[in-house]
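The lines below spell out each chain.
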Amino acid sequence: MNTDYIMFSIKVIMMVCSWFLLVTSYLRCQHGKLKLINIIIILMTWIGGAAMLQTIINLPMWQFIRSLGIVSYVFLAIGICLGISYSMPILPIAWKKHMYKLHNFFTLAGTGIGLLHGIITIIDTYMPYTWSEVLIPFTTKSHPILNGFGTLSGYLMLFVIFSTDLRNKLKKPVWLVLHLMAYPAFFLAFIHGYYLGTDTNNPAVHTMYLVTIAAVLSVSVIRGFGRGKVHSPKLPMVQNQR
């Protein structure tokens, strides 16, 4: 692969990640000083990364991509389980405040890591993808369906995150539909990772996939049986705790 193309792709990836962090920081931080600090940290990280382009190129990208994919999937599974459990009426209010913060963290981190997992395949020398293959679902030459599921999962999780940040500006039915996109996003990520991941044959990784999908389904069923008996507290009461 052409070195100039790799350098350009790394810069674009860093810019995309920076904009993602900047937008989420702006929407989620309540204080102006914290927003400014976040922006300064992100810009310093970008400058430092730009100075280490050659080091980044020499990293074992294929192993890095695989690890990011697994971490992203596990974080999403934890975030979804916490989000479902949060709405269970039997849990104490004090627990729910902490659970909601953790739910936010794991969902946001899992999405960010997942996006990075997909984007850096562009600079991978083992099995490189083009920008169009990464950004447009079902256009890859290798496993277009399974790779397309991964791309769709990332887009759906972006809808979920930004709809949460803009909840007070959206009508409740619209917000609910967007937020429930986390379910298909997770199941698409499961199919993508389980059937396409090269580490699935590893007993530990294989067990992890089965345990996480069983956990999400179990928590969903339990929550379904408890729905309507007791109203859970409204989300805005917890949002102020961020």
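Values in this document were obtained by computation on a predicted structure and should not be read as measured data.

Turning our eyes to something else, we now look at the overall build of the protein chain. The helix and strand tally for the protein chain stands at 11 helices and zero strands. Listing the helices and strands of the protein chain from first to last along the sequence gives α-α-α-α-α-α-α-α-α-α-α. For the protein chain, the residues scored as buried account for 40% of the 242 residues in total. Considering only contacts within the protein chain whose residues lie at least 6 apart along the sequence, 71% involve residues at least 24 apart.

Before going further, it helps to spend a moment on the packing of helix H5 (residues 93-119) against helix H7 (residues 144-165). Taken N-terminus to C-terminus, the directions of H5 and H7 make an angle of 140 degrees; their axes are 10 Å apart at the nearest point. The chirality of how H5 crosses H7 is left-handed. Taken together, the residues of H7 that come into contact with H5 (itself represented by Tyr100, Thr107, Leu108, Thr111 and Leu115) are Gly154, Met157, Leu158, Ile161 and Thr164.

As a further point, take unusual backbone geometry. At Phe138, a position not held by glycine, the phi torsion is positive, near 65 degrees. Structurally, the position occupied by Phe138 is in the loop between helix H6 (131-135) and H7. You can call Phe138 partly exposed: its relative accessible area is 38%.

With respect to the secondary-structure elements, His117 resides in helix H5. Once the C-alpha coordinates of His117 and Ile65 are considered, the two residues, 52 residues apart in sequence, prove to be 5.3 Å apart. Leave out the neighbours within four places in its chain, and His117 touches Ile65, Leu68, Gly69 and His192.

Glancing now at the pattern of salt bridges. Under the defined criterion, the tally for this structure stands at two salt bridges. Salt-bridge contacts for Asp199 lead to Arg66; the nearest nitrogen and oxygen are separated by 2.7 Å. Taken as a pair, Asp199 in the loop between helix H9 (182-196) and helix H10 (203-226) and Arg66 in helix H4 (residues 61-86) lie far apart in primary sequence, 133 residues in all. Exposure remark for Asp199: the relative accessible area of 19% places this residue in the buried category. Lys141 is paired through a salt bridge with Glu133; the nearest N and O atoms lie 3.5 Å apart. A residue is classified by how much of its surface remains accessible, and Glu133, at 8% relative accessible area, is buried.

Counting all residues, the mean pLDDT for the protein chain is 79, and 69% of those residues have values of 70 or more. Mean pLDDT across the elements of the protein chain ranges from a minimum in helix H11 (residues 236-239), with 44, to a maximum in H9, with 96. Predicted confidence for residues 230-242 stays below pLDDT 50, and this span has 25 contacts to residues more than four positions away or in other chains.

Working note: a packed helix pair is described by the angle between its axes plus the distance between those axes. In the contact formed by H7 and helix H8 (residues 172-179), the axes pass within 8 Å of each other and the chain directions differ by 145 degrees. Where H7 crosses over H8, the two elements pack in a sense that is left-handed. Side by side, H7 and H8 meet where Val160, Ser163 and Thr164 of the first sit next to Trp175, Leu178 and His179 of the second.

Rules and cut-offs
Residues numbered from 1 in each chain as written. Predicted model: local features only at pLDDT ≥ 70, side-chain atom pairs only at ≥ 80, totals over all residues. Heavy atoms only, no water. Helix = DSSP H or I, 4+ residues; strand = E, 2+ residues; numbered from the N terminus. Buried < 20%, exposed > 50% of the residue type's maximum accessible area, 1.4 Å probe, protein only. Contact = heavy atoms within 4.5 Å. Axes fitted to C-alpha atoms, helices over the stretch in contact; angles between N-to-C directions. Left-handed = near helix turned anticlockwise from the far one by under 90°. Salt bridge = Lys/Arg side-chain N within 4 Å of Asp/Glu carboxyl O. pLDDT = per-residue confidence, 0-100.

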